[in-house]
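# Topology and contacts: notes
So you can see what is in the structure, the chains are spelled out below.
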Amino acid sequence: MKRISRLFAAAALALPMMSFAAAPFVPPVPEIAGKAYFLTDFYSGQVLAARDPDARVEPASLTKLMTAYLTFKAIREKRLSLEQTLTVSQRGWKTEGSRMFLDPKKPARVDDLIKGMIVQSGNDACVTLAEAIAGSEEVFAQMMSAEARRLGMKNTHFENATGLPGPQHYTTVRDLNTLAGAIIRDFPEFYPIYSMKSFTYNNITQPNRNLLLYRDPNVDGMKTGHTDSAGYNLIASSRRDGRRVVSVVVGTASEEARAVESSKLLNYGLQFFDTPKLYAGKKPVSTVTVYKGAGATVPVGFTRDIYATVPKGQAGRLKADLTTRQPMIAPVRAGQVVGTLKVSLDGKPVVEQPVVALQTVEEGGFFSRLIDSLKLLLGL
């Protein structure tokens, strides 16, 4: 094994220099009046606050995040187009709960249905999109559950596309946070819809129920939900100074409460933490010797940008240990895991990330392999 240790200099991370004497201060998480909550830094993925993260909860209209995810995916795969028109079925038209007021006699464009689903939380829009993609809402719900498993949502199951209550329609705040992050990461072209404050369809204008969009200029999404049994739920995302945090709060008492409690979490995450970028994705961070290869070395790094979230002002205390497997024998394939990065703050682990080869090194010729075999035998 080969190890490279590094103490990150604050200046190298474009952060102000600080005294190393003071211990990091992070106040306790504010008291949140809800059934469960979850707060993460979007770029690092680190959990900043949580209560009952894996307890089963009713998502209500937060369900529509998965309906949207599968809709975005269908558009990207050209199984659906934004210009395509769909007509609401009798089932969709009669679906109870919030709606965008589709007219069974008037086809609606898919781009309008998406806005009606996200901004107006229209159950009629959800059923219409589900039936277009899967043929029926029941089959679409099976697709939703399968997609949840693919995304790593381990404690989620869907029965419908709308979020209406059902005995096997459940999730967790951790899983909802995963889903929200997946939409922001995987479909940035659609994410701005979540910041729309109102949408007009069929001459009816409805406001976005996310009160934080009107109160906090840093908030740019995402989705509200409510049923009598679930209470008032909100997933919110806020950006400030190049950072993004995502909160999930469920089971509050009112629209006002879900906004206030979510705001507490978002501000806590933004005010008391930093998230420096440690390494750029697909950029070499080191080179490693390769034996028996067509090349003598291979650049190694990461498939994506690597971030760490730490208490405010503590980035200069980060220490990184990059360990690579030795000896490395050709062939080595681009993307092959060749080591591990461990980042710690004052001895406590912060990040652990696989290190990969950034290029392919093919097997060398007979004589180069013979020479390298002798080097390995002699420990050279």
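Under an unreviewed UniProt entry, the protein has the name serine-type D-Ala-D-Ala carboxypeptidase and belongs to Gulbenkiania mobilis. Its UniProt record gives the protein the following Catalytic activity (unreviewed entry) comment, quoted word for word: "Preferential cleavage: (Ac)2-L-Lys-D-Ala-|-D-Ala. Also transpeptidation of peptidyl-alanyl moieties that are N-acyl substituents of D-alanine." Reading the Pathway (unreviewed entry) entry of the UniProt record for the protein gives the comment "Cell wall biogenesis; peptidoglycan biosynthesis."

### Some points on empty space enclosed by the protein
Enumeration over the complete set of coordinates arrives at one cavity of 30 Å³ or more. Size it by volume and the largest cavity reaches roughly 30 Å³. Residue lining of the largest cavity: Ile118, Val119, Ser121, Asn208, Arg209, Asn210, Lys223 and Thr224, and that is the complete set. Split by residue class, the lining of the largest cavity holds two nonpolar, four polar and two charged.

### Describing the UniProt feature "domain: Peptidase S11 D-Ala-D-Ala carboxypeptidase A C-terminal" (unreviewed entry) in the protein
UniProt records the feature "domain: Peptidase S11 D-Ala-D-Ala carboxypeptidase A C-terminal" (unreviewed entry) for residues 273-363 in the present numbering. When the span residues 273-363 is considered, its composition is 0% helix and 53% strand, and the gap between its end C-alpha atoms is 46 Å.

### Things to note about the pairing of strand β17 (residues 318-324)
Counting buried positions along β17 yields six of seven residues, so the element is predominantly enclosed. In terms of strand pairing, β17 meets strand β19 (residues 337-345) through seven bridges, oriented antiparallel. Bridge pairing in β19 links leucine 318 to leucine 345.

### Focus: the layout of surface pockets
The volume enclosed by the largest pocket comes to roughly 680 Å³. Forming the boundary of the largest pocket are 24 residues, of which Phe42, Gly45, Gly181, Ala182 and Arg185 lie nearest the centre. Contributing elements (two or more residues each) for the lining of the largest pocket: β2 (36-41), α6 (173-186) and β10 (243-252).

### Some details on the sheet that holds β10
Pairing is antiparallel across the open sheet formed by five strands, whose spatial order is β3-β2-β10-β9-β8. Two strands bound the open sheet, and with one partner strand each, they are β3 (47-51) and β8 (219-227). Strand-to-strand twist of the sheet, defined as the mean angle between neighbouring strand axes without regard to direction, takes the value 5 degrees. Direction of pairing for β2 relative to β10: antiparallel, over a ladder of six bridges.

### Considering the nonpolar core
Counting 55 residues, the largest nonpolar core has Met66, Phe72, Tyr194, Met222 and Ile235 as its most contacted members. It is helix α1 (residues 64-76) that contributes the most residues to this core, eight residues altogether. In contact with phenylalanine 72, other than residues within four places in its own chain, are Ile114, Ile118, Ile183, Phe187, Phe190 and Tyr194. Counting 25 residues, the second-largest nonpolar core is a separate cluster that includes Leu318, Leu341, Val351 and Ala357.

### Quick notes on the pairing of strand β20 (residues 348-357)
Summarising the sheet, strand β14 (residues 297-301) and β20 pair through two bridges and their orientation is antiparallel. The residue of β20 that forms the bridge with valine 300 is alanine 357. Two elements, β19 and β20, share eight bridges in a ladder whose sense is antiparallel. By the bridge assignment for β20, glycine 339 is matched with valine 355. Connecting β19 to the next strand, β20, in antiparallel fashion are two residues, including aspartate 346 with a positive phi near 55 degrees.

### What about the side chain of threonine 275?
In this structure, threonine 275 sits in the loop between β11 (273-274) and β12 (277-279). Polar side-chain contacts of threonine 275 include one of 3.0 Å to the side chain of arginine 243. A polar side-chain atom of threonine 275 sits 2.9 Å from a polar atom in the side chain of threonine 309. Those residues in contact with threonine 275, other than ones at most four positions away along the chain, are Asp41, Tyr43, Ser44, Arg243, Tyr307, Ala308 and Thr309.

Procedures and definitions
Residues numbered from 1 in each chain as written. Predicted model: local features only at pLDDT ≥ 70, side-chain atom pairs only at ≥ 80, totals over all residues. Heavy atoms only, no water. UniProt positions renumbered as here; feature names shortened; annotations may be inferred. 1 Å grid on protein atoms, 1.4 Å probe; cavity = no way out; pocket = protein on both sides within 12 Å on 5 of 7 lines; lining within 4 Å. Points joined across faces, edges and corners; volume = space filled by probe spheres on them. Nonpolar A, V, L, I, M, F, W, Y, C, P; charged D, E, K, R; others polar. Helix = DSSP H or I, 4+ residues; strand = E, 2+ residues; numbered from the N terminus. Buried < 20%, exposed > 50% of the residue type's maximum accessible area, 1.4 Å probe, protein only. Pairing = 2+ DSSP bridges. Axes fitted to C-alpha atoms, helices over the stretch in contact; angles between N-to-C directions. Core = buried A, V, L, I, M, F, W, Y, C linked by side-chain atoms within 4.5 Å. Contact = heavy atoms within 4.5 Å. Polar contact = N/O pair within 3.5 Å; in protein donor to acceptor, adjacent residues only side chain to side chain.

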